[in-house]
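Take a look at the letters that make up each chain.
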Amino acid sequence: MKNLFLAGVAVFAAVILAGCGHNVIQYGDGVGFDASLNPENYTVGFNLRYGKILSAVTRDNVEIEVTGKTDANGDAGPEKSGSTAVTTDGTLKVKIGRQINGAAADLIKAGADPDKVVEALTKADAPSQTETK
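Residues numbered from 1 in each chain as written. Predicted model: local features only at pLDDT ≥ 70, side-chain atom pairs only at ≥ 80, totals over all residues. Heavy atoms only, no water.

**With respect to the overall build of the protein chain**
Of the regular secondary structure elements, the protein chain holds three helices and four strands. For the protein chain, the α and β elements follow one another from N to C terminus as α-β-β-β-β-α-α. Residue pairs at least 24 apart in sequence account for 47% of intrachain contacts in the protein chain once pairs closer than 6 positions are excluded. For the protein chain, the accessible area works out to roughly 11,400 Å², and carbon and sulfur atoms hold 56% of it. (Helix = DSSP H or I, 4+ residues; strand = E, 2+ residues; numbered from the N terminus. Contact = heavy atoms within 4.5 Å. Areas by Shrake-Rupley, 256 points an atom, 1.4 Å probe, with all protein chains shown as cover.)

Pasting the structure below:
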């Protein structure tokens, strides 16, 4: 049983550590709870929130546009029915452009001309065109 548990932990660790971390975008709306650990001074943080939250960890050449609108009517009085109206609306747009991979970065570090590397990558992505005469 102990070996099965250790094998499960090893598989879990391999999946987590080998995962790709490019362009991670998380959007939440409503009640949320976050826990964090600051590795510089080993302090623990807890956050209870209500509302919209956007967390984005992106590589180069990414555009993120968030728009939001909130309309709240908190008037309370004898003429009101006792209910307050709250409406929220918004959009999230993400545009991911050309991102250079590790092989291209290695070529540039080795001394290749960056413009020629990008040109070669752009040519490889372009649809093939044939001329007819």
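**A closer look at the pairing of strand β2 (residues 43-57)**
Inspection of the sheet shows strand β1 (residues 24-38) paired to β2 by 15 bridges, in the antiparallel sense. Residue pairing across strands places Ile-25 opposite Ala-56, the latter belonging to β2. Linking β1 back to β2 in an antiparallel pair, the connection comprises four residues, with Tyr-42 at a positive phi of about 55°. (Pairing = 2+ DSSP bridges.)

**Remarks on a nonpolar patch on the surface**
Judged by side-chain polarity, Val-31, Phe-33, Leu-37, Tyr-42, Val-44, Phe-46, Leu-48 and Tyr-50 come together as a nonpolar surface patch covering roughly 1,100 Å² of accessible area. By residue number, the principal contributor to the nonpolar patch is β2, which donates four residues. Within the secondary structure, Val-31 is located in strand β1. (Patch = residues over 30% accessible without salt bridge, like charges linked within 9 Å, V, L, I, M, F, W, Y side chains within 5 Å. Salt bridge = Lys/Arg side-chain N within 4 Å of Asp/Glu carboxyl O.)

**Details of helix α1 (residues 2-17)**
For α1, with 16 residues, the first-to-last C-alpha span of 22 Å sits near the 22 Å given by 1.5 Å per residue. Where burial is concerned, little of α1 is hidden: zero out of the 16 residues are buried. (Expected span 1.5 Å × (residues − 1). Buried < 20%, exposed > 50% of the residue type's maximum accessible area, 1.4 Å probe, protein only.)

**Digging into unusual backbone geometry**
Generally, phi is negative for residues other than glycine and the peptide bonds are trans, each holding for most cases. Here Tyr-42, not a glycine, exhibits a phi torsion of approximately 55°, which is positive. With respect to the secondary-structure elements, Tyr-42 resides in the loop between β1 and β2. What makes Tyr-42 exposed here is its relative accessible area of 64%.

**Remarks on the packing of aromatic side chains**
Summed over the entire model, instances satisfying the criterion amount to one aromatic pair. Centroid distance Phe-33 to Phe-46: 6.0 Å. Interplanar angle 20°. Geometry classified as stacked. In this pair, Phe-33 is assigned in strand β1 and Phe-46 in strand β2, connecting sequence segments 13 residues apart. (Phe/Tyr/Trp six-rings, centres within 6.5 Å; stacked < 30°, edge-to-face > 60°.)

**Some details on the side chain of Arg-49**
Examined against the element boundaries, Arg-49 turns out to sit in strand β2. Among the polar contacts made by the side chain of Arg-49, one reaches the main-chain carbonyl oxygen of Gly-30 at a distance of 3.1 Å. Apart from residues no more than four positions distant in its own chain, Arg-49 is found in contact with Gly-28, Gly-30, Val-31, Gly-32 and Asp-34. (Polar contact = N/O pair within 3.5 Å; in protein donor to acceptor, adjacent residues only side chain to side chain.)

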